[in-house]
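# Descriptive analysis of the structure
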Amino acid sequence: QVEQVKLLDRFSTSNKSLTGTLYLTATHLLFIDSSQRETWILHHHIAAVEKLPLTTSGCPLVIQCKNFRIVHFVVPRERDCHDIYNSLLQLSRTAKYEELYAFSYNPKQNESEQVKGWQLIDLAEEYKRMGVPNANWQLSDANRDYKICETYPRELYVPRTASKPIIVGSSKFRSKGRFPVLSYYHKNKEAAICRCSQPLSGFSARCLEDEHMLQAISKANPSNHYMYVMDTRPKLNAMANRAAGKGYENEDNYSNIRFQFVGIENIHVMRSSLQKLLEVSGTKGLSVNDFLSGLENSGWLRHIKAVLDAAVFLVKAIAVESASVLVHCSDGWDRTSQVCSLGALLLDSYYRTIKGFMVLIEKDWISFGHKFSDRCCQLDGDPKEISPVFTQFLESVWNLTEQFPQAFEYNEAFLLQIHEHVHSCQFGNFLGNCQKEREELKLKQKTYSLWPFLLGEQKKYQNPLYNPDFSPELTLLEPNTVSFNFKFWRNMYHQFDRSMHPRQSVFNLVMNMSEQNKQLEEDIKELEAKIKRRNGQSDAVLVKEHQQSAHPVPMALKTPPCFKKEQPLIPVNDAVRTIEGSNTADNRYSEFVAEFSKAEPAVVSLEYGVARMTC
Amino acid sequence: MEFAELIKTPRADNVILHRPFYLAVEGTLCLTGHHLIFSSRRQDNAEELWLLHSNIDSIEKRFVGSLGTIVIKCKDLRIIQLDIPGMEECLNIASSIEALSTLDSVTLMYPFFYRPMFEIVEDGWRCFLPDQEFELLSAVTDEWRLSCINKEFSVCPSYPPVVIVPKSIDDEALRKVAMFRHGSRFPVLSYYHKKNGMVMMRSSQPLTGTNGRRCKEDEKLINATLRPGKRGYIIDTRSLNVAQQARAKGGGFEQEAHYPQWRRIHKCIERFNILQESLIKLVEACNDQSHNMDRWLSKLEASNWLTHIKEILTAACLAAQCIDREGASVLVHGTEGTDSTLQVTSLAQIILDPRCRTICGFESLVVREWLQAGHPFQQRCAQSAYSNSKQKWEAPVFLLFLDCVWQILRQFPCSFEFNEQFLIMLFEHAYASQFGTFLGNNENERSKLKLPQKTMSLWSWVNRSEELSKFQNPLFEANSLVIWPSVAPQSLQLWEGVFLRWNRPSKFLDEAHEEMINIIKYNKELQAKVNALRRQLAEMETDDRMQENL
């Protein structure tokens, strides 16, 4: 515990600050300012801690978080600062999985609830929903003991005609043994999205079993004799891989495939792109042109567009040509996961529901071995393995929700919350790099699942404008990917910089209203029933007296409009904020801020998402 | 002149109309004196398109064999294409459109011919008179007076006949001050902040020239607005450099020595062709349907449009801050005081004054701070983003103002009585309209054209309940506070409703918006019903109790 610590406003040019006390707990860093506002930061969320050179007011400490929060403390004494710095370094870098928050987090559930929680998402059930197994596709037991591929799940769906020798042969010809398997099956078109890793083709190698495997996938689709193979990498990268004995499919060796590069950059390019984006958006006193050119130079939106373009290509092959598609990149767990999951999301409206989105993440990301632990740096590891691949997926989905405001059951807060927990290590779902590792860690016994927790507070994540009729089952979304449709996701990258957000949120207001509407409908029913009863009882005075004490309705009437007071407030999530006090000092009107900065009472109070005056 | 002379081919059949995101339609094209009318009489899908000639910004023609194609680019930024069979017809039509869309006489414009089909409830020409404004002011302070010094537009040609000035300054002094200000635009009251009695004035630059001329009356006039011992701020909308250069041409700025109680702040806001160029580049970028992300972002940046938005908003916030937070009076001016000055004074009022965020209050603001204040609409809005003429006086000053309002509206979506459509409607009518409101460059010209007698006011049409309902913001909840917008680049956005309006299908967004309105409406209905039921129940209970007591 350190007192008299200052929390600086990140963007203020006049070093405006709040003074308060800093606490370190086993799991969180906590700052309480003089007006008792609390800022909690989970140690696992800390991406970097930096000590800046000593200044007259103390020792500055900058903490960057994985959820893009940046806090700037000034600690009066250097020794304290040094201690905090060291502690944070230790606390934020975990060496072993067992030390992660998830293993100590206890949401007061009993064992059966814990088990039930983990059973909430059942992938076998999901494949059944898609329509497999069927005449052409079956469940393979080849990987039941993780013998063929360690990073795949135990249960895999393959074409019926793909025998075990073909599977084994094909897996030997694929990077990390990740042979082609079913990711999504489109019932109506009988076409499939399959995924794998790159072939070990080098300059000329070929593998008959692998060729048979692709043939089998192609034949499993009765409506089309050809299939697409999408290599999601830029052509140059794929060619470079040939020198290392890897590479891409030679169209001459595989009958009836159509081969296509889609040019999504690798994890290292994405990592540095995000780094650049954050540098730009974190600049103090940023000009519009610096912002736009920084946005351009970071290439971030270009990458998001590339990912979505790839998904659109995939979807067209399936929806327009009824052709099956095999997607791969290098290892088939980053770009492949992005493209397969976005493709499925565009094809199948189920994934646009809250539950369906959870299933999608479980299927294409968690079970197929997207390396969450490495990419999100859950343990102290190789910084070159870190990459915002999953963040890009969420951002692509956000872009779709912007274009199709009625197509998604979930809202932005849902996406932000998932992003939060991918990094929080509070729940077991995203720990580890693959299913095998998760089983070894006994996550299902030792930790809790995120999904029941999110479903429990579903109300916060519901899109009030969602219209299930907007897209009946298997209706295709056709997004417009002209550049101007892609926008900077302020609520993600400036989630905690409140001054940048609209002061009144239409979205929250509508969300609360639609929630309130349900309550009001019930109130009306109740009141009508009461009036009816009363009409029937107008003579029976004695009974009425009794009733009155049980239902003190007239009391409520004295404080109209009372329905608002009775209305249970949906807790306003930190992520989706409503109105802040209008405060000039929040905004940076250039150099004059310093001159004009004066303390000012918070003049707007927040009540049910509506600005209410207090003066 | 007869319009018929200009129309050689009044009608062409089998014309095909192309619009982005719509199927091509075949129909008949007719030209009248003021409209281009396209009508298709297909059984299943009859539709008509009426386009004012004055809305046409530029026209291009192409020929493939005998099939002619005319591409029409409008001031509201829409682009349509007409395929016209027959070379001669096409040439005739193109030349007629060109002639009719560039008529040089104002009195030939449509507003002089337009006869309204609706009943006029309230004459918009009489809605926002300075006297009414002054009445509101005199209720809170008696330090100001209404001066009729400009009755015959004799003192300042770009000011209205009556202006509000400090009570202690007589007309004689005003005349002297007028001589000292560019275009005779002496300082007048723009806004009175009831909360603390501080004021915002506007004027044009002082004519100090290179030898530092001074004018005692000018100093006295603006000092009259200061409280004893208080300082004021002069916001000059030019950079210090530009202001200094202006001295060579006889203009200049207030010297500290002569205005010791005032602090001068320079906030550079661009003018004229720089803004027009910016608009042209922005629209060009938005019309580029290519898929190259880097090109889009660099074009958006190169247009500088959002930079201008940020500059204007920052200056307005600064003015508002001086008044509300510093408790100081403010004088705003640039060079002529008819462009950037008005952007700043009007936006500051939107920030400070809740009344300006209502429909009626905003209309009044546009009338006071733009029309009566002498923003030369006819010059500035003569052409829009597609014109090739590049006249120095054309500039999207008013559009920038509307864009800034939209930015604030987006940040405070519940604090405005009007919606985005209202702003878009004002943009359209400022550039091409059947109403006379935005004709002319100032009140002087309007009175010479006898606009109030000969044309219809936009406000007469807008302020009828049928129309108003389209422009009302269902989320509006009066907010009596000052609203401070964020001007961080991350908080500013491209105004899609104007700039991407014709470039992308908006079906899904429109439907979502409708759904939102339904939820709000339903909410209001339910609340009313619950309250009614509660009341009913309560009445029943009191009745019962009374019976009991009996």
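The structure presented is a predicted model; accordingly, all values stated were derived computationally and were not measured. Every chain is numbered independently, its residues counted from 1 as its sequence is written. Think of it this way: whatever chain is written first is A, whatever ligand is written first is 1, and the rest follow in order. In keeping with the model being predicted, local features are shown solely for residues with a pLDDT of at least 70 and side-chain atom pairs are shown and tallied solely at 80 or more, while totals for entire chains, interfaces and linings include all residues. Based on all heavy atoms of the structure, the side-chain values leave hydrogens and waters out of the count.

Residue and element names in this part refer to chain B. Both strand S1 (residues 11-18) and strand S2 (residues 25-31) contribute to a ladder of five bridges, which runs antiparallel. Across the sheet, the residue bridging to Leu17 is Val25, located in S2. DSSP bridges decide pairing: two strands pair if at least two such bridges lie between them. Secondary structure elements are taken from DSSP: a helix is a run of H or I of four residues or more, a strand is a run of E of two residues or more, and numbering for both begins at the N terminus. The loop that links S1 with its antiparallel partner S2 comprises six residues; one of these, Phe21, has a positive phi angle of about 65°.

UniProt positions are given in the numbering used here, feature names are shortened, and annotations may be inferred rather than shown by experiment. Those places that UniProt annotates as "domain: Myotubularin phosphatase" (unreviewed entry) correspond, in this numbering, to residues 124-499 of chain B. Taken end to end, residues 124-499 of chain B comprises 44% helix and 9% strand; its first and last C-alpha atoms sit 29 Å apart.

A word on a nonpolar patch on the surface. For patches, a residue must show more than 30% relative accessible area and have no salt bridge; joins then use 9 Å for like charges and 5 Å for nonpolar side chains, namely Val, Leu, Ile, Met, Phe, Trp and Tyr. Only the protein chains shown count as cover for residues, with accessible areas throughout obtained via the Shrake-Rupley method and a probe of 1.4 Å. By definition here, a salt bridge exists when the distance from a side-chain nitrogen of Lys or Arg to a carboxyl oxygen of Asp or Glu is within 4 Å. Residues Phe63, Met87 and Leu91 of chain B make up a contiguous nonpolar surface patch of roughly 240 Å² in combined accessible area. Residue position: Met87 of chain B is located in helix H2 (residues 87-101).

We now examine the interface of chain B and chain A. Each partner contributes residues to the interface: chain B has 81 residues there, and chain A has 84 residues. Here's the idea: put two parts together, see how much 1.4 Å probe accessible area each one loses, and the total over both is what we call buried area. Across the chain B/chain A interface, buried area totals approximately 7,700 Å², and carbon plus sulfur atoms make up 64% of it. The largest per-residue losses of area from chain B upon contact with chain A belong to Met293, Gln490 and Arg534 of chain B, which jointly make up 11% of the total buried on that side. Taken together, chain B and chain A are joined by six salt bridges. One salt bridge in this structure joins Asp544 of chain B and Arg534 of chain A, with 2.8 Å as the shortest N-O distance. Contacts described as polar in this section are N or O atom pairs within 3.5 Å, which, within protein, must combine one atom able to donate a hydrogen with one able to accept it, while residues neighboring in sequence count only if both atoms come from side chains. In this assembly, chain B and chain A are joined by 21 residue pairs in polar contact (both at pLDDT 80 or more). Only strand S13 (262-266), helix H8 (293-303), helix H9 (305-324), helix H13 (397-411) and helix H20 (507-549) of chain B provide two or more residues apiece to the side of chain B that touches chain A. Sorting elements by how many residues they give to the side of chain B that touches chain A places H20 of chain B first, with 26 residues. Whether two residues touch is decided by their heavy atoms; if any such pair falls within 4.5 Å, the residues are in contact.

All names here are of chain A. Feature annotation in UniProt places "active site" (unreviewed entry) on Cys329, given in this structure's numbering. As for its position among the elements, Cys329 is in the loop between strand S14 (324-328) and helix H11 (335-347). If near-sequence neighbours (up to four positions away) are discounted, Cys329 is found in contact with Cys196, Ser197, Gln198, Asp231, Thr232, Arg233, Asp334, Arg335 and Thr336.

We now examine the sheet that holds strand S4 (residues 38-42) of chain A. Residue and element names in this part refer to chain A. Read from one edge of the open sheet, seven strands run S4-S3-S2-S1-S7-S6-S5, paired in antiparallel fashion. In this open sheet, the two strands that pair with only one neighbour each are S4 and strand S5 (46-51). Mean inter-strand twist for the sheet, computed between neighbouring axes without regard to direction, equals 30°. As paired strands, strand S1 (residues 2-8) and strand S7 (residues 70-75) are joined by three bridges and run antiparallel to one another. Following the sheet pairing, Leu8 is matched in S7 by His72. A fitted line through C-alpha atoms serves as each axis, taken over the contacting stretch for helices, and the angle formed by two N-to-C directions is quoted from 0 to 180°.

Next up on the list: the pattern of salt bridges. Using the criterion set out here, one finds 64 salt bridges over all chains in the structure. Between Arg368 of chain B and Glu133 of chain B there is a salt bridge, and its shortest N-O distance comes to 3.6 Å. Taken together, the residues span a long stretch of sequence, with Arg368 of chain B in helix H11 (residues 359-372) and Glu133 of chain B in helix H3 (residues 130-138) at a distance of 235 residues. Burial here depends on accessible area, computed with a 1.4 Å probe over protein chains only, as a share of the maximum for the residue type. Under 20% is buried, over 50% is exposed, and the range in between is partly exposed. Accessibility expressed as a relative area gives 11% for Arg368 of chain B, which makes it buried. Put simply, Arg227 of chain B and Glu143 of chain B hold a salt bridge, and the shortest N to O gap is 3.8 Å. Residue Arg227 of chain B is found in the loop between helix H5 (216-223) and strand S12 (232-236), and its partner Glu143 of chain B is found in the loop between H3 and strand S8 (144-147); the two are separated by 84 residues along the sequence. On the accessibility criterion, Arg227 of chain B (31% relative accessible area) is partly exposed. Judged by its relative accessible area of 41%, Glu143 of chain B falls in the partly exposed class. In the salt-bridge network here, residues are joined through shared partners; they are Asp334, Lys371, Asp374, Arg375 and Glu385 of chain A.

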